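# Residue-level structure breakdown
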2 protein chains.
Amino acid sequence: MGRIQTLNNSSRKEIIVEKAANLFKEKGYKAASMRDLAEVVGVEAASLYNHIKSKSELLHVICLDVANRFTNKIDEVEAEELSAKEKIEILLRFHIQEMLNNYEDVIVSDREWKHLSEPYLSNFRHQRKTYRKRFAAIIEEGIKKKEIKKIDASTAVLIMLHAVSGIESFHRSKQKISGKELEENMVTILINGLAK
Amino acid sequence: MGRIQTLNNSSRKEIIVEKAANLFKEKGYKAASMRDLAEVVGVEAASLYNHIKSKSELLHVICLDVANRFTNKIDEVEAEELSAKEKIEILLRFHIQEMLNNYEDVIVSDREWKHLSEPYLSNFRHQRKTYRKRFAAIIEEGIKKKEIKKIDASTAVLIMLHAVSGIESFHRSKQKISGKELEENMVTILINGLAK
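So, here's what we can say about the structure. (Residues numbered from 1 in each chain as written. Chains lettered and ligands numbered in written order. Predicted model: local features only at pLDDT ≥ 70, side-chain atom pairs only at ≥ 80, totals over all residues. Heavy atoms only, no water.)

### Some points on the layout of surface pockets
All names here are of chain A. Looking at the second largest pocket, its volume works out to about 150 Å³. Element by element, the count of residues in the lining of the second largest pocket is highest for helix α4 (residues 55-79), at four residues. Of the residues that constitute the lining of the second largest pocket, the class distribution is four nonpolar, no polar and four charged. A domain-level breakdown of the lining of the second largest pocket finds at least three residues from each of domain 1 (3-48) and domain 2 (55-192). (1 Å grid on protein atoms, 1.4 Å probe; cavity = no way out; pocket = protein on both sides within 12 Å on 5 of 7 lines; lining within 4 Å. Points joined across faces, edges and corners; volume = space filled by probe spheres on them. Helix = DSSP H or I, 4+ residues; strand = E, 2+ residues; numbered from the N terminus. Nonpolar A, V, L, I, M, F, W, Y, C, P; charged D, E, K, R; others polar. Domains from an automatic or database assignment.)

### Brief notes about the nonpolar core
The biggest cluster of nonpolar side chains holds 85 residues, and the ones touching the most others in it are F135 and I139 of chain A together with F135 and I139 of chain B. If we ignore the near neighbours within four places in the chain, the residues touching F135 of chain A are I74, I88, L91, H95, V157, M160 and L161 of chain A. (Core = buried A, V, L, I, M, F, W, Y, C linked by side-chain atoms within 4.5 Å. Buried < 20%, exposed > 50% of the residue type's maximum accessible area, 1.4 Å probe, protein only. Contact = heavy atoms within 4.5 Å.)

### Details of the packing of helix α8 (residues 153-165) of chain A against helix α10 (residues 179-192) of chain B
In the contact formed by α8 of chain A and α10 of chain B, the axes pass within 10 Å of each other and the chain directions differ by 60°. Relative to α10 of chain B, the element α8 of chain A lies oblique. For the pair α8 of chain A and α10 of chain B, the crossing hand works out as right-handed. Every residue of α10 of chain B that contacts α8 of chain A at T155, A156, L158 and I159 of chain A is listed here: L182, N185, M186, I189 and L190 of chain B. Broken down by class, the residue content of the contact of α8 of chain A with α10 of chain B amounts to seven nonpolar, two polar and no charged. (Axes fitted to C-alpha atoms, helices over the stretch in contact; angles between N-to-C directions. Parallel < 35°, antiparallel > 145°, perpendicular 65-115°, else oblique. Left-handed = near helix turned anticlockwise from the far one by under 90°.)

### Description of the interface of chain A and chain B
A common way to state how big an interface is: give the accessible area lost once the parts meet. In this complex, chain A contributes 33 residues to the contact, which on the side of chain B involves 33 residues. Interface area lost by chain A to chain B is led by K149, L194 and K196 of chain A, which between them contribute 23%. Summed over the shared surface of chain A and chain B, the number is zero salt bridges. Run the count over chain A and chain B and you get 18 residue pairs in polar contact (both at pLDDT 80 or more). (Buried area = accessible area lost by both parts, 1.4 Å probe. Salt bridge = Lys/Arg side-chain N within 4 Å of Asp/Glu carboxyl O. Polar contact = N/O pair within 3.5 Å; in protein donor to acceptor, adjacent residues only side chain to side chain.)

### Comments concerning the packing of aromatic side chains
Residue and element names in this part refer to chain A. One pass over the structure, following the stated rule, counts 10 aromatic pairs over all chains. Following the ring pairs from residue to residue traces out a cluster consisting of F70, F94, Y131 and F135. Above the ring of Y29, the side-chain terminus of K55 is found at 4.5 Å from the ring centroid. (Phe/Tyr/Trp six-rings, centres within 6.5 Å; stacked < 30°, edge-to-face > 60°. Lys NZ or Arg CZ within 6 Å of the ring centre and 35° of its normal.)

### Quick notes on helix α6 (residues 103-112) of chain B
Buried within α6 of chain B we find V106, I107, V108, S109 and E112 of chain B. Check the buried side of α6 of chain B and you find it contacts α1 (9-27), α4 (55-79), α5 (84-101), α7 (120-144) and α9 (167-172) of chain B.

### A few points about the pattern of salt bridges
All told, the structure shown has 34 salt bridges over all chains when counted by the stated rule. E184 of chain B is the salt-bridge partner of R93 of chain B, the closest N and O atoms lying 2.8 Å from each other. Of the two residues, R93 of chain B is situated in helix α5 and E184 of chain B in helix α10; the sequence distance between them amounts to 91 residues. Relative accessible area serves as the criterion here: at 32%, E184 of chain B is assigned to the partly exposed category. Overlapping salt bridges, with partners in common, bring together E89, R93, K180, E183 and E184 of chain A in one network.

### With respect to the packing of α4 of chain B against α6 of chain B
Residues and elements named next belong to chain B. Running from N to C, α4 and α6 cross one another at 105°; their axes reach a closest spacing of 9 Å. In this view, α4 runs roughly perpendicular relative to α6, as classed from their interaxial angle. Contacts between α4 and α6 involve L59, I62, C63, V66 and R69 from the first element and D105, V106, V108, S109 and E112 from the second. Looking at side-chain class alone, the contact of α4 with α6 contains six nonpolar, one polar and three charged residues.

This is the structure we're talking about:
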């Protein structure tokens, strides 16, 4: 029953969402119950409903928050006066930092978004698709300007996003290198390649 | 009851394993039942047991077969007189081709190996760990010989393996590019980088 009792309502909701992300990551959205959540939050299941309507509300809060962060970032990047290569690097670093710092939310939104109910499902799917297209368009722009090799832009996006999702196993490993080193290594390999 | 009745026993077993890999990929190992498998194979559930002992046997056949293929490949690559960069490229292409041609087995072994029972679980885990170490050692060798940039070798392995696992979404997409093009794009980006 610890510290959650002493907080105001909006902080309580934040903690509930945070604990839900952790629970959904560990157990999977479908298998996780509101009873499990009450247990990790340290309250009675009934009192969760003072803050949130349903398990499904928790999933859409988590997923749409992640989608909005990426959409805001690409809005910001597109508006800047930078080379395509610089834009790609900023986005890549943002993906890496999100996986390092908010990885539970990112992993849940990546794995569990298909369980969203409407209208959140369509909203999320649309944001995700648009984001990838806009990322690919930045790469295409770089190819046109001869900053980037003549590669298939969608494949490049796919490689970057999946390489970054590998950070999940970095979290599980004994973390021989720091997050900052991991970021530098990933950027070097993906932007400049392994070969010397 | 179609064509499976006319085959000899070892071909029947092969078909059962193939259908099981497909089923485990679609439904997940835990959720898939022997009844589901009998249905997709087109036989009675009881007659599956003429060819295999249990659902768990199917999983270890799939996982250990994948692990053995990768182990054999790295044995072969290590024995060749090639630069580290060439060895890395051969392994990377092998991963890509496995994801293009045997992707159901590879995905199942990647996602479901934790459900293996002993002694298969320890065997698989050991092969997997050793494979990654040997791959990292080839990269280290390349760094020493100045063929490869000074990067963290384990991070490089992690990036390559996860980037390749992104081919799963390539299979689901409308496949605007061919497998061969995908392979060339991946090798270019990962070995030589996006930047021109």
